[in-house]
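Observations on the model geometry
These are the residues of each chain, in order.
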Amino acid sequence: MHNTPRGNRLHIALFGRRNAGKSSLINALTRQDLAIVSPVAGTTTDPVYKSMEIVPLGPVVVIDTAGLDDEGELGLLRVEKSLAVLAKTDLAVLVLDGGKEPGHWEEEVAKQCHARKIPLLLVINKSDLAESPAVKSGQLQQSLQAVGVVNVSALTGQGIGDLKVALVRYAPPHWDEQTLAGDLVSPGDTVVLVAPIDLAAPKGRLILPQVQVIRDLLDHDAMPYIVKEREMKECMASLAKRPRLVITDSQVFLKADADTPPDVLLTSFSILFARYKGSLEALVSGAKTLLELRPGDRVLISEGCSHHRVEDDIGSVKLPRWIRQHVGGEIEFEWSSGHTFPRDLSSYRLIVHCGACMLNRREMMARIMEAGQAGVPIVNYGVAIAALQGILPRALSPFPLLAEQFLAGEEC
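Residues numbered from 1 in each chain as written. Predicted model: local features only at pLDDT ≥ 70, side-chain atom pairs only at ≥ 80, totals over all residues. Heavy atoms only, no water.

Scanning the protein chain for helices and strands turns up 15 helices and 14 strands. A burial count over the protein chain gives 53% of its 412 residues as buried. Sequence separation of 24 or more characterises 75% of the internal contacts of the protein chain that already satisfy a separation of 6 or more. Carbon and sulfur atoms make up 52% of the accessible area of the protein chain, which amounts to about 19,100 Å² in all. (Helix = DSSP H or I, 4+ residues; strand = E, 2+ residues; numbered from the N terminus. Buried < 20%, exposed > 50% of the residue type's maximum accessible area, 1.4 Å probe, protein only. Contact = heavy atoms within 4.5 Å. Areas by Shrake-Rupley, 256 points an atom, 1.4 Å probe, with all protein chains shown as cover.)

Next comes the structure, spelled out in structure tokens:
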């Protein structure tokens with residue numbers, strides 16, 4: 001429960017007015033005092049993320065948001081941040097005070113969930129009170145286009161079991177069945193993973209994308225070999241049979257390409273994450289724009305986490321340098337990190353995004369969709385590096401149709 005990365009967890013977000021009982025509901029679900037509860041309206045001021053386990057869903061993230069009816073200038077900003085959580089929400093839970101009729105706040109959440117195709121579950125709280133419920137649940141479910149409705153009392157625990165069943169029932173189907181590389185191998189296949197140990201590598205451990213790929217390969221009964229780039233040639237020579245696949249860190253693409261036989265599939269961790277967390281097709285399409293950049297263009301480099309930047313950081317140093325070298329002139333770069341993603345993307349010629357290992361798939365897809373709506377192409381680190389080094393078709397060898405489309409697009 002504790003070690004599953006947040007980006008791999010189902011994200012369940014609770015919305016509702018102040019004092020509807022969202023925080024109390026989280027405490028009732030977990031049987032712990034995880035959320036601060038107070039009769040004072042507006043106790044929760046910012047989205048709060050809580051990792052937990054819901055059987056049989058497994059590890060999930062439950063997001064407690066500020067009240068939808070918060071007031072004043074600061075209150076409106078809190079509401080805005082609450083609604084922004086929908087970008088990463090897999091299942092939305094709208095909590096209603098059973099003694100109050102729903103209004104435009106609830107309708108706005110339902111409208112946005114419907115537009116984003118997020119399943120919406122209604123929870124009518126405070127069912128233990130004499131004046132509850134004031135709402136006819138059947139009519140409400142129909143008017144808000146909810147997948148289901150549950151009556152509960154966070155105070156007494158009434159209906160909490162039904163709520164857990166509903167969360168399992170209405171979670172998006174197959175949300176956890178995606179694979180990073182398992183569909184590219186067969187049981188018994190050998191896979192060589194190239195993992196450089198440089199200044200950016202965390203001391204004493206591998207980075208998250210590498211760990212997740214290793215686990216995924218083991219889950220599919222493949223046999224991964226992990227080497228540094230300077231050991232790769234010796235590793236290949238020592239294997240009794242050719243590996244099915246080589247997966248490399250994007251920063252040593254050229255070295256890995258030189259040491260990988262032409263008949264062995266080659267790709268990168270970042271390209272696998274482009275498919276796993278978003279749309280590889282969209283990101284490969286963005287590579288065409290990358291190669292067409294001109295001096296003076298504005299480029300946004302966006303990362304899904306806020307990490308300590310080292311001397312030769314990939315996002316702030318290496319990629320800008322490689323892009324400037326390709327363009328032959330100055331590019332106007334801007335950066336965003338963590339959950340911050342600019343609202344207005346229209347001024348950018350291109351967005352270059354990280355591998356999104358710390359984002360869930362819905363949030364990364366939301367960013368890709370926002371870029372598309374603004375008419376701005378988007379590419380990720382691995383795809384961008386391979387394109388700049390002239391080996392993207394080779395790096396897409398596990399995905400031949402995409403490689404062919406990229407080559408056809410370049411010829412056009």
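Now for the sheet that holds strand β6 (residues 148-151). Taken in spatial order, the 6 strands line up as β2-β3-β1-β4-β5-β6 in an open sheet, and their pairing is mixed. Strand pairing shows two members of the sheet lacking a second neighbour, β2 (48-54) and β6, which therefore form its edges. Sheet twist, expressed as the mean angle between neighbouring strand axes with direction ignored, is 25 degrees. Note that strand β4 (residues 91-97) and strand β5 (residues 120-125) share 6 bridges and pair parallel. The residue bridging D97 from the neighbouring strand is N125, located in β5. Contacts from helix α3 (residues 104-116) reach β1 (10-16), β4 and β5, with the element oriented near 165 degrees to β4. Of the strands in this sheet, β1, β2, β4, β5 and β6 touch helix α5 (residues 160-170), which is tilted by about 170 degrees from β5. (Pairing = 2+ DSSP bridges. Axes fitted to C-alpha atoms, helices over the stretch in contact; angles between N-to-C directions.)

Moving on: the pairing of β1. Burial of β1 is extensive: 7 of the 7 residues sit out of reach of the surface. Alternating residues of β1 divide into L10, I12, L14 and G16 and H11, A13 and F15, and every residue in both groups is buried. Here β1 pairs with strand β3 (residues 58-64) via 5 bridges, running parallel. Paired with A13 across the strands is I63, a residue of β3. Pairing of β1 with β4 involves 5 bridges; the strand directions are parallel.

Once that is clear, we can look at the environment of T267. Mapped onto the secondary structure, T267 falls in strand β10 (residues 265-268). For T267, a relative accessible area of 0% translates into the label buried. In this view, T267 contacts L245, V246, I247, T248, F253, L272, A395, P398 and F399; residues no more than four positions away in its chain are not counted.

Quick look at the sheet that holds strand β14 (residues 378-380) now. The 4 strands are arranged β12-β11-β13-β14 in an open sheet whose pairing can be described as parallel. Across the chains shown, the open sheet's two edge strands, defined by having one partner strand only, are β12 (332-336) and β14. Going from strand to strand, the sheet's axes swing by 25 degrees on average, the running direction of each strand aside. Relative to β12, strand β11 (residues 298-302) runs parallel, the two sharing 5 bridges. The partner of R298 across the bridge, within β12, is E332. Sitting on the sheet, helix α11 (residues 314-327) is in contact with β11, β12 and β13 (350-353), with an inclination near 150 degrees to β12.

Turning our eyes to something else, we now look at the pattern of salt bridges. According to the stated counting rule, one finds 20 salt bridges in the structure shown. A salt bridge links R242 to D263; its shortest N-O distance comes to 3.3 Å. Of this pair, R242 sits in the loop between α7 (232-238) and β9 (245-248) while D263 sits in the loop between α8 (253-259) and β10, and the two are 21 residues apart along the sequence. We classify D263 as exposed; its relative accessible area is 56%. Residue R298 pairs with E334 through a salt bridge whose shortest N-O separation is 2.0 Å. Within this pair, whereas R298 is found in strand β11, its partner E334 is found in strand β12, the two being separated by 36 residues in sequence. Among the ionic contacts, a cluster of salt bridges with common partners joins R18, D69, D70, E71 and R78. (Salt bridge = Lys/Arg side-chain N within 4 Å of Asp/Glu carboxyl O.)

Enumeration according to the criterion identifies 2 aromatic pairs in this entry. On the basis of an interplanar angle of 85 degrees and a centroid distance of 5.9 Å, the ring pair of F273 and Y276 is categorised as edge-to-face. Taken together, the residues span about one helical turn, with F273 and Y276 both in helix α9 (residues 269-277) at a distance of 3 residues. The same class applies to F273 and to Y276, which are both buried. For the ring pair F333 and W335, a centre distance of 6.0 Å and an interplane angle of 35 degrees mean the geometry is tilted. Looking at F333, the relative accessible area reads 10%, which means it is buried. (Phe/Tyr/Trp six-rings, centres within 6.5 Å; stacked < 30°, edge-to-face > 60°.)

The subject of this paragraph is the nonpolar core. Counting 67 residues, the largest nonpolar core has I247 and V352 as its most contacted members. Residues in contact with V352, not counting those within four places in the same chain, are V299, L300, I301, S302, L319, I323, V379, Y381 and A384. Counting 25 residues, the second largest nonpolar core, distinct from the first, contains I12, A28, V150 and A166. (Core = buried A, V, L, I, M, F, W, Y, C linked by side-chain atoms within 4.5 Å.)

Between α9 and helix α12 (residues 361-373), the shortest axis-to-axis distance is 9 Å and the interhelical angle comes to 90 degrees. Classified by the interaxial angle, the pair formed by α9 and α12 is roughly perpendicular. Packed against α9, whose contacting residues are R275, Y276 and K277, the element α12 presents R361, M364 and M365 at the interface. Along the lines of polarity and charge, the residues of the contact of α9 with α12 split into 3 nonpolar, no polar and 3 charged. (Parallel < 35°, antiparallel > 145°, perpendicular 65-115°, else oblique. Nonpolar A, V, L, I, M, F, W, Y, C, P; charged D, E, K, R; others polar.)

Treat this as a map of the structure, not an account of what it does.
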